[in-house]
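Chain by chain, the residues:
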Amino acid sequence: MCYREDGTAEYTGLQQVTGELAGRPGTCVMVADGTFRDGEARSAWRVITGSGTGGMAGLRGSGSAISSGTPGGTFTFDYE
């Protein structure tokens with residue numbers, strides 16, 4: 001993560017996700033990119049092709065999140 005003098009930030013990273021999607025347990029790895037500006041964090045991510053295991057084998061998809069610092073936020077995830 002890179003913080004700037006003006007209080008904004010930018011990051012990129014990898015996230016390993018373990019869970020259940022549509023009743024199918026498994027794992028996958030996602031690439032995430034995000035920013036923080038004006039008290040709001042925004043991020044976008046995508047599943048790395050071939051990273052799914054178990055019920056997530058073959059998973060493809062991408063999503064986004066928006067959070068203003070309070071618990072929760074808005075999350076989207078489109079997948080096949």
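Computed from a prediction, not measured in an experiment: that's the story for all the values here.

Before going further, it helps to examine unusual backbone geometry. Phi angles above zero are rare outside glycine, and Ala22 is one such case at about 55°. For Ala22, the position within the fold is in the loop between β2 (9-21) and β3 (24-37). Look at Asp38: it is not a glycine, yet its phi comes out positive at around 55°. Secondary-structure assignment places Asp38 in the loop between β3 and β4 (40-47).

Moving on to the pairing of strand β6 (residues 61-67). Summarising the sheet, β4 and β6 pair through six bridges and their orientation is antiparallel. Looking at β6, one finds that Ala41 is bridged to Ser67. Between the antiparallel neighbours β6 and strand β7 (residues 74-79) lie six residues, among them Gly69 with a positive phi of about 100°.

One pass over the structure, following the stated rule, counts three salt bridges. Taking the shortest distance from any N to any O, the salt bridge between Arg42 and Glu40 comes out at 2.8 Å. Using a relative accessible area of 43% as the deciding quantity, one classes Arg42 as partly exposed. Exposure remark for Glu40: the relative accessible area of 27% places this residue in the partly exposed category. Across the pair Glu80 and Arg60 runs a salt bridge whose closest N-O atoms are separated by 2.6 Å. Taken together, the residues Glu80 in the segment after β7 and Arg60 in the loop between β5 (53-54) and β6 connect sequence positions 20 residues apart. In this structure Arg60 comes out as partly exposed when scored by relative accessible area, which is 47%.

Basis of the calculations
Residues numbered from 1 in each chain as written. Predicted model: local features only at pLDDT ≥ 70, side-chain atom pairs only at ≥ 80, totals over all residues. Heavy atoms only, no water. Helix = DSSP H or I, 4+ residues; strand = E, 2+ residues; numbered from the N terminus. Pairing = 2+ DSSP bridges. Salt bridge = Lys/Arg side-chain N within 4 Å of Asp/Glu carboxyl O. Buried < 20%, exposed > 50% of the residue type's maximum accessible area, 1.4 Å probe, protein only.

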